[in-house]
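Spelled out from the first residue to the last, the chains are:
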Amino acid sequence: MNHFEMKEGELHAEDVAIRRIAAAVGTPVYIYSAATLRRHYTVLRDAFAVHPELGTPLIAYAVKANSNVEVLRVLSGLGAGADTVSEGEIRRALAAGVAPGRIVFSGVGKTRCEITFALKTGVAEINVESAAELDAVASVARELNLIAPVAFRVNPDVEAGGHVKISTGKAENKFGVSFAQAHELYAAATKDPHLRPVGVACHIGSQITDLAPLRAAFIKMRAFVESLRAEGLSVERLDLGGGLGVPYFNQPDPPSPADYAAMIAEVIGGLNIQLAFEPGRMIAANAGVLISDVIHVNVRPEGRSFLVLDAAMNDLIRPAMYDAYHDIRPVVPRGGAHRTYDVVGPVCETGDTFARERDLAPLETGDLVAFMTAGAYGAAMASEYNTRPLIPEVLVDGARFAVIRERPTYDEILGRDRLGGWQT
Ligand code: LLP
């Protein structure tokens, strides 16, 4: 459920007409709904609350999905923690008021600098993904004379389904260590005075629309926790990652948070452990839209019609990168028979195509369209390819809206380049 609805013939974000925001801020623009963010977080939190045997999980929102500080503040205000994968993301979480003890630091390639920053910050846990990384964390902790709380990300060797580029839980993927290696590392870490093993973690992929692979992975994780404990090792936390999918209209509807929580209660119930989750997409995706203006409608005499937009692959790369489907809606639909369009951006690549042969209400130059479900992995993955300025982000909350990231000026963009100093 989200708060982007048609009212009086035009698309609104909560109580604000999208046309009004586009007129004030320009296009392309990302628009987020605070009510939708809050709703998604609380629905998930409440789904767990139905199962008291699960305790109170740490819901560490995956910052990578949408990392705007004001978006993070909406979630941190509700008590969300943060799953982070870089120093930059840790800094964003801190700027949004997330307590260090609610920050998880994940990722396969943390630098010594980043580990130093995380340890000085006092994050809840560093999710270690390899033996080499454990050595690095131990050595940084020793240098700083601190004790690093570590969890081990296990690769449970489960096929998550979904797009191959975002599937992470098979043995051949770069993520995590095997159960056997995790076992060895866990035991070794308990002997290092600068390491404190606190738990184990897994994350098998993203946009998962079926509970079966998650269940399979979680069953293995439970057995793993039990085997560690059977050897007298203390395991306080089990981090079950993110990954639950959202409806993009061309895929099966994903399981509800209630079904997800019920499955977890069934698999994990009675383990007596602190659970952690790292949801990104399910919190942010349906809480955002990308609004773009139609530059031309290029109707070829041979038949194909191209809807040329002012948004491009640099603003929303998901269709080009994962063949992702985003519902496209006219902001103020015109009457008349639907037409078939190829929806494209201005970037000089055929890959800059959002949709092929999409059936849409008729559109004309100057009309606005909305890409739905664009709040996750939209702005966060944008670039300035073709020297197109990063587009602004707007947060709507009831009848209010504010620009929460400004469009940079061309002077700011060019001002980052420097002279080498030797050319005349
Ligand atoms: N935890 C870890 C360790 C992750 O790698 C990810 C996502 C998440 C949590 C959050 O997963 P989510 O709940 O959002 O599925 N750019 C791609 C998605 C990449 C996901 C990467 N990792 C896309 O646009 O589909």
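All figures in this text were calculated on a predicted structure; none of them were measured in a lab.

(A) Inspection of empty space enclosed by the protein at higher detail. For the structure on display, the rule yields two cavities of 30 Å³ or more. Each pocket or cavity is described by its volume, and for the largest cavity that value is around 40 Å³. Forming the walls of the largest cavity are Tyr 61, Val 63, Leu 72, Leu 75, Ser 76, Ala 80, Gly 81, Ala 82 and Val 98. For the lining of the largest cavity, the secondary structure elements donating two or more residues are helix H3 (69-76) and strand E6 (81-84). Broken down by element, the residue count for the lining of the largest cavity peaks at three residues, all from H3. Broken down by class, the residue content of the lining of the largest cavity amounts to seven nonpolar, two polar and no charged. There is about 30 Å³ of room inside the second largest cavity. Together, Ser 106, Asn 127, Arg 153, Ala 201, Cys 202, His 203, Asp 239, Gly 241 and Glu 278 line the second largest cavity. Here the lining of the second largest cavity is composed, by residue class, of two nonpolar, four polar and three charged.

(B) Structural context of the domain arrangement of the protein. By the assigned domains, the protein splits into domain 1 (4-32 + 285-415) and domain 2 (35-280). Computed from C-alpha coordinates alone, the two centres of domain 1 and domain 2 are separated by 32 Å. In this complex, domain 1 contributes 23 residues to the contact, which on the side of domain 2 involves 22 residues. Overall, the association of domain 1 and domain 2 removes approximately 2000 Å² of surface from exposure, summing both partners, and the carbon and sulfur fraction of that is 57%. Considering only the side of domain 1, the residues that lose the most area to domain 2 are Tyr 322, Tyr 325 and Tyr 377, jointly responsible for 27% of the buried surface there. Summed over the shared surface of domain 1 and domain 2, the number is one salt bridge.

(C) Just H3, in detail. Within H3, the full set of buried residues consists of Val 71, Leu 72, Val 74, Leu 75 and Ser 76. A side-chain oxygen of the first residue of H3 lies 2.8 Å from the backbone nitrogen of Glu 70; this N-cap is Asn 68.

(D) Local environment of the packing of helix H2 (residues 34-49) against H3. Close contact between H2 and H3 brings their axes to 9 Å; oriented N to C, the two are set at 45°. When the axes of H2 and H3 are compared, the pair comes out oblique. Between H2 and H3 lies a crossing of right-handed hand. Contacts between H2 and H3 involve Ala 34, Leu 37, Arg 38 and Tyr 41 on the former and, on the latter, Val 71, Val 74 and Leu 75. Of the residues belonging to the contact of H2 with H3, the class tally is six nonpolar, no polar and one charged.

Conventions used here
Residues numbered from 1 in each chain as written. Predicted model: local features only at pLDDT ≥ 70, side-chain atom pairs only at ≥ 80, totals over all residues. Heavy atoms only, no water. 1 Å grid on protein atoms, 1.4 Å probe; cavity = no way out; pocket = protein on both sides within 12 Å on 5 of 7 lines; lining within 4 Å. Points joined across faces, edges and corners; volume = space filled by probe spheres on them. Helix = DSSP H or I, 4+ residues; strand = E, 2+ residues; numbered from the N terminus. Nonpolar A, V, L, I, M, F, W, Y, C, P; charged D, E, K, R; others polar. Domains from an automatic or database assignment. Contact = heavy atoms within 4.5 Å. Buried area = accessible area lost by both parts, 1.4 Å probe. Salt bridge = Lys/Arg side-chain N within 4 Å of Asp/Glu carboxyl O. Buried < 20%, exposed > 50% of the residue type's maximum accessible area, 1.4 Å probe, protein only. Polar contact = N/O pair within 3.5 Å; in protein donor to acceptor, adjacent residues only side chain to side chain. Axes fitted to C-alpha atoms, helices over the stretch in contact; angles between N-to-C directions. Parallel < 35°, antiparallel > 145°, perpendicular 65-115°, else oblique. Left-handed = near helix turned anticlockwise from the far one by under 90°.

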